[in-house]
Amino acid sequence: MSARDDDGSDLIRRLPPVRGRLTANAPIGPMTWFRVGGPAEALFRPADIEDLAAFLAALPPDIPVTVIGVGSNLLVRDGGIRGVTIRLGRGFVDIVPGGEQVESGAGALDLNVALTAAEAGIAGLEFLSGIPGTVGGGFRTNAGAYGTEFKDALISADALDRSGALHTVTPAEMGLSYRHSEVEPDWIFVKALFKGNAADPAEIGRRMTDIQAAREASQPIRARTGGSTFANPPGHQAWKLIDEAGCRGLARGGAMVSEKHTNFLINTGNATAADIEGLGEEVRRRVHDRFGVMLGWEIRRIGEPASGSAPMPEGEPVAAAGSG
C-alpha cells in the first residue's frame, strides 16, 4: 500500500505506489539549516533501496526529481521545488564496520560514520566529523575537511539511475576532484564503502575532539548557516578574498556575512532565501571587482524564486542530485 499525505495535488496522483511516504506541498525550508525556502510540490521518503528503485523505474519521465539530505549545505528558494523531492531516511542510515572498512547508507550523517569507525578502532575517517551533512551529499561535491576528501577514503559507492538501475562505481570512475564530481547528475547515491586502518579508539577520539574544537573556534556552527558558502579558487582562500573585499558583516535583509568566518552566510532570524542568495551574489560581485576572481558557490541552491521575483544568476551550482 502507498503511504500518502494527499492534499489533492495533481502531481501526487501521477506518482507510482510506494511503501514509503509521499507528501504533497511539503515544507522543505524548515528542514534546512538556513530554515528558509518554499515547499516541495511532492516529497518522497522511500522505505529502502528497493522501494526507491521501483519508484524511479515507474516514475513518468517528465517529472523532475531533486534529492536532499539534512539540508546542511542547501538553500531552497522561496518559491519551492517543482516535481518530486526525495529525502533518504531510516532505510538508508545503517553503518556497519568490518575489519578496516565501514559500509554506510547514503542517508547516514558523516559524523555518525566517523563515530562508528572510531568505536570500532578504524582510523582515517575522522575528517568526516568535520563535515555537517550526509554521506550521499558528500559524493556530489567530493566533500572534505582538515586535509582529507571523500575520494581519499572511499572504496566504492552504489547509486541508482533515473530508471532505477543500480550502479557500483569507484572514486576514479566518479571523477572526483576538489568540490566536484563527474557522476551523472540524475544518479541517486544509496550506499558507500569506506576504507581506514586499525588504530587505538582513544587516539582516534582525541583527533576527532581536536577537529570539533577547531570547528567551534573558527566557524559559526551554532548559527542558522549553510556551511562553507564558496569553494576556494585556485591559489586563493575564499574567506580571505571576501574579507579583503570589505564584506565582513555585510547584510541584506535578514542575511549577513558572518563576522566570525567570512565564508559563511547567516540567517539572523528573518531572512528569506532571496536575501541569502542575493547577499551571496553581492559578495561574488565585490570580490570579482576587487580581485578579478569569480567565486563559485559551494552551497547548493535549488527551487524557484518566489512569484514575481527576478531569477537569480545561476553562477556555478554543484550537481543536482544529492545534498548534504
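Being a predicted model, the structure only gives us computed values, none of them experimental.

Got a minute to help me understand the pairing of strand β12 (residues 154-160) in this structure?
Side chains on a regular strand alternate between the two faces of the sheet. When you tally the buried positions in β12, you get six out of seven residues, the bulk of the element. For β12 and strand β14 (residues 188-195), the ladder comprises six bridges, and the chain directions are antiparallel. Residue Asp158 lies in a different strand from β14, and its bridge partner there is Lys191. Summarising the sheet, β12 and strand β13 (residues 166-169) pair through four bridges and their orientation is antiparallel. Note on β13: the bridge partner recorded for Ala159 is His167. Here β12 folds back onto β13 in antiparallel fashion, the turn holding five residues, of which Gly164 has a positive phi close to 90°.

In this structure, what is going on with the pattern of salt bridges? I would like to understand it.
Pairing is possible between side chains that carry opposite charge, provided their charged atoms lie close to one another. All chains considered together, the criterion is met by 20 salt bridges. With a shortest N-O distance of 3.8 Å, Arg301 and Glu281 are connected by a salt bridge. Highlighted residues: Arg301 in strand β20 (residues 300-302) and Glu281 in helix α9 (residues 273-291), separated in sequence by 20 residues. Judged by relative accessible area, Arg301 falls into the buried class, the value being 4%. The class of Glu281 is buried, set by a relative accessible area of 13%. Taking the shortest distance from any N to any O, the salt bridge between Glu282 and Arg285 comes out at 2.6 Å. Taken as a pair, Glu282 and Arg285 lie in helix α9 at a separation of three residues, close to a single helical turn. Taking relative accessible area as the criterion, Glu282 reaches 17% and is therefore assigned buried.

Sorry if this is basic, but what is going on with the side chain of Arg284 here?
Relative to the helices and strands, Arg284 resides in helix α9. Side-chain polar atoms of Arg284 contact the side chain of Glu281, separated by 3.0 Å. For Arg284, the side chain forms a polar contact with the main-chain oxygen of Leu295, separated by 2.6 Å.

Help me out: how do you make sense of a nonpolar patch on the surface in this one?
A cluster of nonpolar side chains, contributed by Leu109, Leu111 and Leu115, occupies part of the molecular surface with about 210 Å² of accessible area. Tracing the chain through its elements places Leu115 in helix α3 (residues 110-119).

What is the right way to read helix α7 (residues 201-218) from this model?
Because each turn of an α-helix spans 3.6 residues, side chains separated by three or four positions in sequence point in the same direction. Helix length check: α7, at 18 residues, gives a terminal C-alpha distance of 26 Å against a target of 26 Å (1.5 Å per residue), a fit within 8%. Buried-residue contacts for α7 involve α3 and β9 (122-123).

Help me out: how do you make sense of the sheet that holds β13 in this one?
Sheet strands pair via backbone hydrogen bonds, and the direction of the pair is either parallel or antiparallel. Taken in spatial order, the five strands make up an open sheet running β7-β8-β14-β12-β13, and their pairing is antiparallel. For this open sheet the edge positions go to β7 (95-98) and β13, each flanked by a neighbour on one side alone. The average angle at which neighbouring strand axes cross in this sheet is 15°, direction not considered. This element, helix α2 (residues 49-58), spans β12 and β14 of the sheet and lies at about 140° to β14. Most of the contacts of α3 go to β7, to which it runs at about 30°, and overall it touches β7, β8 (101-105) and β14.

Any chance you could explain the nonpolar core here in plain terms?
As a rule of thumb, nonpolar side chains are buried together in soluble globular proteins. Formed by 32 residues in total, the largest nonpolar core has its most connected members in Val113, Leu125, Phe139, Phe150, Met174 and Phe194. Secondary structure elements with two or more residues in this core: α3, β9, α4 (135-141), α5 (150-153), β12, β14 and α7. When residues no more than four places from it in sequence are discounted, the contact partners of Phe194 are Glu100, Gln101, Val102, Ser104, Val113, Leu125, Val135, Phe150, Ala153, Leu154 and Ile155.

Which parts of the structure should I look at to understand the sheet that holds strand β16 (residues 224-228)?
Pairing is antiparallel in the open sheet, where four strands are placed in the order β16-β19-β18-β17. What marks the edges here is a single partner per strand, and that holds for β16 and β17 (251-252). With three bridges joining them, strand β18 (residues 255-257) and strand β19 (residues 264-267) adopt antiparallel strand pairing. Across the sheet, Met256 pairs through a bridge with Ile266, a residue of β19. The strands touched by α9 are β17, β18 and β19; relative to β18, the strand with the most contacts, the crossing angle is about 30°.

Mind showing me how you'd approach unusual backbone geometry here?
With the exception of glycine, most residues fall at negative phi, and the peptide bonds are largely trans. Although it is not a glycine, Asn25 sits at a positive phi angle of roughly 50°. By the secondary structure assignment, Asn25 is in strand β2 (residues 21-27). By relative accessible area, Asn25 is classed as partly exposed at 46%. Despite not being glycine, Asn142 has its phi angle at roughly 45°, a positive value. Here Asn142 lies in the loop between α4 and β10 (144-145). Asn142 gets classed as buried once you look at its relative accessible area, which sits at 0%.

Cut-off values and rules
- Residues numbered from 1 in each chain as written.
- Predicted model: local features only at pLDDT ≥ 70, side-chain atom pairs only at ≥ 80, totals over all residues.
- Heavy atoms only, no water.
- Buried < 20%, exposed > 50% of the residue type's maximum accessible area, 1.4 Å probe, protein only.
- Helix = DSSP H or I, 4+ residues; strand = E, 2+ residues; numbered from the N terminus.
- Pairing = 2+ DSSP bridges.
- Salt bridge = Lys/Arg side-chain N within 4 Å of Asp/Glu carboxyl O.
- Polar contact = N/O pair within 3.5 Å; in protein donor to acceptor, adjacent residues only side chain to side chain.
- Patch = residues over 30% accessible without salt bridge, like charges linked within 9 Å, V, L, I, M, F, W, Y side chains within 5 Å.
- Areas by Shrake-Rupley, 256 points an atom, 1.4 Å probe, with all protein chains shown as cover.
- Expected span 1.5 Å × (residues − 1).
- Contact = heavy atoms within 4.5 Å.
- Axes fitted to C-alpha atoms, helices over the stretch in contact; angles between N-to-C directions.
- Core = buried A, V, L, I, M, F, W, Y, C linked by side-chain atoms within 4.5 Å.

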